[in-house]
Amino acid sequence: MKVSLKYYTIKYMIGILLLIIAVWAALFYAYILDEVYDNVDDGLKDRKIQIIKAVYHDPKLLNSKDFGFNEFKIKPISESEYKDKNRLYNKMFYMEYDDKDQPYRVLETDFIDQFGKRQRLEIRTSTVEQDELVYDLTTALIVLYILLVISIVAVNGYMLNKAMRPFYAILNRLKKYQFGASSPQEPQNYSIKEFEELNVEIEEMIKRNEFVFHQQKQFIENASHELQTPLAIVTNKIDLMIQNDDLDKKNMNFLTEVKGDLRRMAGLNKSLLMLSKIENSQFNKMSKVNFNEMIAELVKSYEDFIEFKKIEVSIVEKGFFGADFNPDLVDILLSNLLKNAIKYNNQEGIVNIIIEDNRLVFRNSSNGVPLDKVQIFNRFYKQGSDHSSTGLGLSIIRTITKQYPGWDIVYEFEDGLHCFILSKNNALVS
């Protein structure tokens with residue numbers, strides 16, 4: 001799934017922040033916990049000194065065999081059990097008041113009393129308050145952790161959104177840009193150096209593209225005009241020669257074939273010029289077009305051709321097919337579809353035109369052989385022996401549909417009929 005640069009950056013930033021802050025929080029928690037226990041241990045060590053001093057002043061304390069009010073006990077030990085070092089550990093003790101075990105920190109140490117006997121002193125202190133402190137500290141850390149992450153993400157999101165505005169403005173301009181339809185832009189000053197450089201380079205690129213586009217457009221128009229003129233002259237001269245009564249049948253047929261080739265060359269020139277204009281987006285004017293009406297008008301304009309081939313044409317209107325489209329391109333699109341259905345039809349065949357809300361279907365009778373779905377819309381592709389065809393009609397149709405997102409043209413072979421289906425996607429087409 002594709003995401004914007006802003007969210008892509010925030011996503012990785014969140015991951016890194018979560019890891020860094022989690023490590024920091026764990027280290028901080030361990031440090032505070034160590035400080036808490038260190039303070040408790042220092043208190044136990046101070047009490048140890050005070051108790052041993054008290055024992056030397058009051059030997060009766062040596063009889064403290066159980067933990068009492070002062071939370072310590074003393075018991076005699078053997079010489080083999082005697083240890084010089086303090087032992088600190090955590091232990092659970094049953095408390096009658098709470099009727100449950102409570103956590104305690106215990107200091108265990110050995111000493112020699114005033115009578116030369118070895119004694120073991122155990123001092124304990126409740127760590128319930130310390131545990132509550134640790135719990136509160138943990139809760140505070142978690143809340144701080146969450147708030148810190150949210151704050152950092154929110155601030156960075158705001159800053160990224162503000163910083164990326166020039167980029168989105170440049171991107172939006174590029175989306176709307178079309179060859180030959182560029183509008184003058186007011187100079188933009190960006191506070192970010194990289195965006196300023198990007199804008200300058202895009203301006204230069206557009207100028208270069210517009211220059212090349214206009215050169216290409218001018219060349220195509222000039223070349224087409226220069227070719228059409230000599231072709232028309234040569235065709236007219238051949239017509240004059242054909243009218244000469246001195247020509248024999250062989251020369252007459254030869255000149256007729258040459259005239260046919262010249263007409264095909266003129267048609268090819270016009271078709272290539274049309275393709276070039278469409279691909280260069282020279283048909284930018286848009287308006288609401290009623291395809292139902294245009295199809296009815298085109299059928300009337302092709303009446304002579306239809307009668308010549310004795311074809312039965314039927315129009316079935318199941319809905320209204322309308323869209324924002326260039327009127328000239330609509331005429332070219334529908335003319336090629338209708339002319340294709342008539343020209344490559346059987347004598348006394350049929351043409352069915354079905355109009356629906358989101359698609360047009362042109363069906364015509366065939367010789368029972370389907371066309372190549374993959375190759376049929378390619379330039380100069382011809383399936384058959386018709387030398388009069390330029391092989392560009394269906395290619396022009398596909399090129400037109402590509403200029404409009406959501407539009408498509410497909411070929412199907414159904415019930416022995418060639419079917420060309422022009423469709424539009426309402427989610428994309430206004």
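Here, the structure is the one placed above.
Predicted model, so just to flag it, every value in this text is computed and none were measured.

J.: Quick question: what am I supposed to make of the packing of aromatic side chains here?
T.: The description of an aromatic ring pair rests on the distance of the ring centres and on the angle between the ring planes. One pass over the structure, following the stated rule, counts eight aromatic pairs. Where Trp24 meets Phe28, the ring centres are 5.5 Å apart and the plane angle is 10°; that geometry is what we call stacked. Placement of the pair is Trp24 and Phe28 together in helix α1 (residues 5-57), with a separation of four residues, close to one helical turn. Look at Trp24 and you get partly exposed, because its relative accessible area is 42%. Measuring from centroid to centroid gives 5.2 Å for Tyr411 and Phe420, while their planes differ by 50°, and the two rings are tilted.

J.: Looking at this structure, I do not really get the sheet that holds strand β4 (residues 118-126). What am I missing?
T.: Strand pairing in a sheet relies on backbone hydrogen bonds. The paired strands run either parallel or antiparallel. Reading across from one edge, β1-β4-β3-β2 is the order of the four strands in this open sheet, with antiparallel pairing throughout. Every interior strand has two partners, whereas the edge strands, β1 (72-76) and β2 (87-95), have only one. The mean inter-strand angle of the sheet, taken between neighbouring strand axes irrespective of direction, is 30°. Here nine bridges tie β2 to strand β3 (residues 100-112), and the two strands are oriented antiparallel to one another. Looking across to β3, one finds that Phe93 is bridged to Gln102.

J.: Could you clarify how one ought to interpret the sheet that holds strand β8 (residues 350-355) in this entry?
T.: Here we have five strands laid out as an open sheet, ordered β6-β8-β9-β11-β10, and mixed in their pairing. Unpaired on one side and paired on the other, β6 (312-317) and β10 (407-414) mark the two borders of the sheet. Between one strand and the next, the sheet's axes are offset by a mean angle of 15°, whatever the strand orientation. With eight bridges connecting them, β10 and strand β11 (residues 417-424) associate as antiparallel partners.

J.: Would you mind going over unusual backbone geometry with me for this structure?
T.: Excluding glycine, most residues fall at negative phi; most peptide bonds, likewise, are trans. Unlike most non-glycine residues, Glu348 shows phi in positive territory, near 65°. Tracing the sequence through the fold places Glu348 in the loop between α8 (327-343) and β8. Residues other than glycine seldom take positive phi values, yet Asp415 does so here, at roughly 50°. Within the secondary structure, Asp415 is located in the loop between β10 and β11. Classification of Asp415 as exposed rests on a relative accessible area of 79%.

J.: Before we go on, may I ask you to explain the nonpolar core in this structure?
T.: It is characteristic of soluble globular proteins that their nonpolar side chains tend to be buried jointly. Membership of the largest hydrophobic core comes to 38 residues, with the highest contact counts inside it found for Phe291, Phe325, Leu334 and Leu360. Elements represented by at least two residues in this core include exactly α6 (291-301), β7 (322-325), α8, β8, β9 (359-365), α9 (393-402), β10 and β11. Setting aside anything within four residues of it in sequence, one finds Leu360 in contact with Phe291, Ile295, Phe321, Leu334, Ile354, Ile355, Phe420, Ile421 and Leu422. Ranked by size, the runner-up nonpolar core spans 13 residues in total, among them Leu44, Ile51, Leu61 and Phe111.

J.: What is the right way to read the pattern of salt bridges from this model?
T.: Where charged atoms from two side chains of opposite charge come close, those side chains can pair. For the coordinates displayed, the defined rule picks out nine salt bridges. Put simply, Asp324 and Lys288 hold a salt bridge, and the shortest N to O gap is 3.5 Å. You can see Asp324 sitting in strand β7 and its partner Lys288 sitting in strand β5 (residues 287-290), a full 36 residues away along the chain. For Lys288, a relative accessible area of 68% translates into the label exposed. A salt bridge links Arg359 to Glu356, with the shortest nitrogen-to-oxygen separation between them at 3.1 Å. The class of Glu356 is partly exposed, set by a relative accessible area of 22%. What emerges from the salt-bridge pattern is a single network uniting Arg87, Glu108, Asp110 and Arg120.

J.: I would appreciate a short explanation of the side chain of Asn340 in the present structure.
T.: You can see Asn340 is positioned in helix α8. Each residue touching Asn340, except ones within four places of it in the same chain, is listed here: Leu394 and Phe420.

J.: Hey, could you run me through a negative patch on the surface in this one?
T.: On the surface, Asp34, Glu35, Asp38, Asp42 and Asp46 cluster together into a patch of negative charge. On the accessibility criterion, Asp46 (46% relative accessible area) is partly exposed.

J.: What exactly am I supposed to notice about the packing of α6 against α8 here?
T.: When two helices pack together, their arrangement is given by the angle between their axes and by how far apart the axes lie. Two elements in contact, α6 and α8, have axes whose closest approach is 10 Å; the angle formed by their N-to-C orientations is 55°. Here α6 is positioned oblique relative to α8, judged by the angle of their axes. Between α6 and α8 lies a crossing of right-handed hand. Each of Phe291, Met294, Ile295, Leu298 and Val299 in α6 lies in contact with α8, whose residues at this interface are Pro327, Val330, Asp331, Leu334, Ser335 and Leu338.

Rules and cut-offs
Residues numbered from 1 in each chain as written. Predicted model: local features only at pLDDT ≥ 70, side-chain atom pairs only at ≥ 80, totals over all residues. Heavy atoms only, no water. Phe/Tyr/Trp six-rings, centres within 6.5 Å; stacked < 30°, edge-to-face > 60°. Helix = DSSP H or I, 4+ residues; strand = E, 2+ residues; numbered from the N terminus. Buried < 20%, exposed > 50% of the residue type's maximum accessible area, 1.4 Å probe, protein only. Pairing = 2+ DSSP bridges. Axes fitted to C-alpha atoms, helices over the stretch in contact; angles between N-to-C directions. Core = buried A, V, L, I, M, F, W, Y, C linked by side-chain atoms within 4.5 Å. Contact = heavy atoms within 4.5 Å. Salt bridge = Lys/Arg side-chain N within 4 Å of Asp/Glu carboxyl O. Patch = residues over 30% accessible without salt bridge, like charges linked within 9 Å, V, L, I, M, F, W, Y side chains within 5 Å. Areas by Shrake-Rupley, 256 points an atom, 1.4 Å probe, with all protein chains shown as cover. Lys, Arg positive; Asp, Glu negative; His and termini not counted. Charge placed at Lys NZ, Arg CZ, Asp CG, Glu CD. Parallel < 35°, antiparallel > 145°, perpendicular 65-115°, else oblique. Left-handed = near helix turned anticlockwise from the far one by under 90°.

Purely spatial values, then, with no claim about function.
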